[in-house]
Amino acid sequence: MRGPVPWWREGSRVASHESHTGRLPGLFASPDTSSFTEFLGAYSPDLLPGGRTPPASPVGAEIPHGTTIVAVSFPGGVVMAGDRRATAGNVIAQRDIEKVFRADEFSAIAIAGTAGIGIEMMRLFQVELEHYEKREGRTLSVEGKANRLATMVRQNLGMAMQGLAVVPLFAGYDEERDAGRIFSYDPAGGRYEERDFHSIGSGSVFARGALKKLFRRDLSVEDAALVCVQALYDAADDDSATGGPDLPRRIFPVVASVTSDGYRRLGEDEVGALARSVVEGRYDSPGGPTAPLR
């Protein structure tokens with residue numbers, strides 16, 4: 001017969017779960033895995049995005065979706081940027097949503113697709129990396145982080161089949177290569193390493209065209225950030241779900257760099273200056289800067 005719950009656990013979810021399932025506190029004291037998602041799946045799988053029961057029928061377009069994300073590598077790092085618009089069908093659901101986040105000290109993650117599930121997955125991924133570091137006493141490699149994220153995306157496949165897909169973009173600094181690396185995913189959890197630059201989301205086709213036109217292998221971090229803002233502007237020019245710089249409201253893209261110095265989100269004044277220079281340049285050249293033929 002089980003004794004009374006200790007006072008320091010009274011009222012907690014842990015105590016409640018133990019009293020109903022008979023789980024021992026050892027599950028928390030010494031988990032068998034360095035993966036937080038596996039640990040959570042064993043304790044309370046309903047808290048995982050993919051652990052919920054998918055809707056009986058595909059959902060409509062009223063769920064907010066986020067787009068567009070771009071990433072550009074440069075010598076010694078990578079820059080990632082995202083627009084600020086979320087849409088629900090033909091309606092702008094939010095003008096200032098954030099889609100680019102710090103994953104850990106040397107990596108960044110951005111999400112496109114179903115906004116609510118994407119943000120939840122991003123937060124779970126942050127905990128996953130922190131949990132591994134605390135348990136193992138070291139950080140995962142860039143490829144290890146990318147693989148862990150692929151597993152999390154795969155766990156959401158049931159929701160994706162019902163219209164609640166999330167497609168992240170991951171970028172990190174590789175200390176061994178002294179370079180930034182970019183990884184993309186498909187809704188089934190397929191992981192692909194991209195070279196030089198990449199974009200995801202509904203405006204990705206237009207953004208990628210701009211990236212292809214403006215990319216150079218000798219970009220500085222400042223130039224890479226400018227290329228990202230130019231690409232997002234081109235995406236917004238042709239894709240209604242992508243938001244361009246909103247100068248009156250001071251809503252600018254979220255831009256972050258990852259180098260040997262770690263993750264750094266550019267300040268609002270820095271991104272605002274980039275956005276204004278792009279908008280002003282479009283007065284003279286609406287199509288944006290052109291690539292040299294030679």
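The sections below set out a description of the structure shown in this document.

Parameters at a glance
Residues numbered from 1 in each chain as written. Predicted model: local features only at pLDDT ≥ 70, side-chain atom pairs only at ≥ 80, totals over all residues. Heavy atoms only, no water. Helix = DSSP H or I, 4+ residues; strand = E, 2+ residues; numbered from the N terminus. Expected span 1.5 Å × (residues − 1). Contact = heavy atoms within 4.5 Å. Salt bridge = Lys/Arg side-chain N within 4 Å of Asp/Glu carboxyl O. Buried < 20%, exposed > 50% of the residue type's maximum accessible area, 1.4 Å probe, protein only. Axes fitted to C-alpha atoms, helices over the stretch in contact; angles between N-to-C directions. Parallel < 35°, antiparallel > 145°, perpendicular 65-115°, else oblique. Left-handed = near helix turned anticlockwise from the far one by under 90°. Nonpolar A, V, L, I, M, F, W, Y, C, P; charged D, E, K, R; others polar. Core = buried A, V, L, I, M, F, W, Y, C linked by side-chain atoms within 4.5 Å. Polar contact = N/O pair within 3.5 Å; in protein donor to acceptor, adjacent residues only side chain to side chain. Pairing = 2+ DSSP bridges.

## Digging into helix H9 (residues 268–284)
Helical geometry: 3.6 residues make up each α-helical turn, so side chains three or four residues apart lie on a common side.
At step 1: Taking 1.5 Å as the rise per residue, H9 with 17 residues should run 24 Å; its terminal C-alpha atoms sit 25 Å apart, in good agreement.
At step 2: Close packing links the buried residues of H9 with helix H8 (221–238) and strand E12 (254–259).

## Points about the pattern of salt bridges
At step 1: This structure, assessed with the given rule, holds 18 salt bridges.
At step 2: One salt bridge connects Glu130 with Lys134, and the closest N-O pair in it is separated by 3.0 Å. Taken together, the positions of Glu130 and Lys134, both in helix H4 (residues 115–136) and four residues apart, correspond to about one turn of that helix.
At step 3: The partly exposed category is assigned to Glu130, whose relative accessible area is 43%.
At step 4: Of the residues examined, Lys134 reaches a relative accessible area of 67% and is grouped as exposed.
At step 5: Arg181 is the salt-bridge partner of Glu143, the closest N and O atoms lying 2.8 Å from each other. Of this pair, Glu143 sits in helix H5 (residues 142–155) while Arg181 sits in strand E9 (residues 179–185), and the two are 38 residues apart along the sequence.

## Brief notes about the packing of H8 against H9
Relative placement of two packed helices is described by the angle separating their axes and the distance separating the axes.
At step 1: It is the contact of H8 with H9, at a shortest axis distance of 10 Å, that shows an interaxial angle of 55°. As judged from the angle between their axes, H8 and H9 are oblique. Handedness of the crossing formed by H8 with H9: right-handed. Each of Ala225, Leu226, Val229, Gln230, Tyr233 and Asp234 in H8 lies in contact with H9, whose residues at this interface are Leu274, Ala275, Ser277, Val278, Val279 and Arg282.
At step 2: A class-by-class count of the residues in the contact of H8 with H9 yields eight nonpolar, two polar and two charged.

## Some thoughts on the nonpolar core
At step 1: Val70, Val72, Val79, Leu211, Leu219 and Val255 are the most contacted members of the largest nonpolar core, which has 27 residues in total.
At step 2: For this core, the secondary-structure elements that each account for two or more residues are strand E2 (69–74), strand E3 (77–82), helix H7 (204–214), H8 and H9.
At step 3: The element that contributes the greatest number of residues to this core is H8, accounting for eight residues.
At step 4: If near-sequence neighbours (up to four positions away) are discounted, Val70 is found in contact with Val79, Met80, Ala81, Leu169, His198, Ser199, Ala207, Leu211, Cys228, Ala231 and Leu232.
At step 5: Of all hydrophobic cores here, the second largest spans 24 residues; its members include Phe101, Ala103, Leu140 and Phe183.

## Notes on the side chain of Thr67
At step 1: Tracing the sequence through the fold places Thr67 in the loop between strand E1 (65–66) and E2.
At step 2: Judged by relative accessible area, Thr67 falls into the buried class, the value being 9%.
At step 3: Here the side chain of Thr67 touches Ala241 through a polar contact of 3.1 Å, landing on its backbone oxygen.

## Here we look at the sheet that holds E3
At step 1: Strand order in this open sheet of five strands is E11-E2-E3-E12-E13, and the pairing throughout is antiparallel. This sheet does not close on itself; its edge strands, each paired only once, are strand E11 (197–200) and strand E13 (262–265). Direction aside, the axes of adjacent strands within the sheet are offset by 15° on average.
At step 2: Here six bridges tie E3 to E12, and the two strands are oriented antiparallel to one another. The partner of Val79 across the bridge, within E12, is Ser257.

Distances and angles like these do not, on their own, reveal function.
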